[in-house]
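Secondary and tertiary structure notes
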Amino acid sequence: MRTVPVDDFLPTLRQMVSTPLPMQMKDAIVKSAIRFCRKTGVVFTERTIYQVYEGQTIKAVSGSRVNRKSGGNLKASDKSEISIDGVELVAGQDFTHIEMDDIYFLRDLRNVSIRCAVEPAPNAKELPAKLLDDWVYGVCAGAASWLYGQPNLMNGDLHGYYEREFIEQTRHAARWRLETQPQTTRPTRKRSFF
């Protein structure tokens, strides 16, 4: 996964907010990128593990090659799909989530695909390039909203305006993801009612 420095977002954010210090702006961009990724799931990674064993814990993102290549700037978000041959495994029966990044397997499995939404770590110096290429306005609108909500720059009208822009962009991104990304097949659960 290609990443870009947080500084690459600054020109767009400076068009929205001109007064804060650059460090404050960078923090706002990272906070907004985390929020954007959590709400939309547009940045994701997929990996296949050929053999997992009962009682084994796998780190979905932090232990992956993708995170090592990005310098440890990524972490797992709250959306993940764990499947075998396109059929999603059942939480509580096949695996459990210990934390967002830790998956504990309850039985031996082969060819397990883990598709996981990712988000920047809170101290990230680089962000996924997809956010800059496709969603820079949404991320910067969220950062502007956060900055205009701070006591030293409080402006209720601009805070509200950029928050609405951020929400509209997250809705657009979430719709795009649902319409363009493949969905796994949900397993049929057997239930007895009597």
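The rules we used
Residues numbered from 1 in each chain as written. Predicted model: local features only at pLDDT ≥ 70, side-chain atom pairs only at ≥ 80, totals over all residues. Heavy atoms only, no water. Helix = DSSP H or I, 4+ residues; strand = E, 2+ residues; numbered from the N terminus. Buried < 20%, exposed > 50% of the residue type's maximum accessible area, 1.4 Å probe, protein only. Pairing = 2+ DSSP bridges. Axes fitted to C-alpha atoms, helices over the stretch in contact; angles between N-to-C directions. Parallel < 35°, antiparallel > 145°, perpendicular 65-115°, else oblique. Left-handed = near helix turned anticlockwise from the far one by under 90°. Contact = heavy atoms within 4.5 Å. Nonpolar A, V, L, I, M, F, W, Y, C, P; charged D, E, K, R; others polar.

Observations concerning unusual backbone geometry
At Asp85, a residue that is not glycine, the phi angle is positive and equals roughly 55 degrees. As for its placement among the helices and strands, Asp85 is situated in the loop between β4 (74–84) and β5 (87–88). Classification of Asp85 by relative accessible area gives exposed; the value is 72%. One non-glycine residue with positive phi stands out, namely Asn111, at about 50 degrees.

Remarks on the pairing of strand β7 (residues 102–105)
Alignment of strand β3 (residues 57–59) against β7, held across three bridges, turns out to be antiparallel. Bridge pairing in β7 links Thr57 to Tyr104. Bridging between strand β6 (residues 95–97) and β7 involves three bridges; their strand directions are antiparallel. Following the sheet pairing, Phe95 is matched in β7 by Phe105. Here β6 hands over to β7 after four residues, the two strands then running antiparallel side by side.

With respect to the packing of helix α2 (residues 22–40) against helix α5 (residues 156–180)
A pair of packed helices is captured by two measures, namely the crossing angle of their axes and the spacing between those axes. In contact at an axis separation of 9 Å, α2 and α5 are set at 40 degrees when each is read in the N-to-C sense. When the axes of α2 and α5 are compared, the pair comes out oblique. In the packing of α2 onto α5, the handedness of the crossing is right-handed. The residues of α5 that touch α2, namely those facing Ser32, Arg35, Phe36, Lys39 and Thr40, are Glu163, Phe166, Gln169, Thr170, Ala173, Ala174 and Arg177. For the contact of α2 with α5, the residue count by class is four nonpolar, four polar and four charged.

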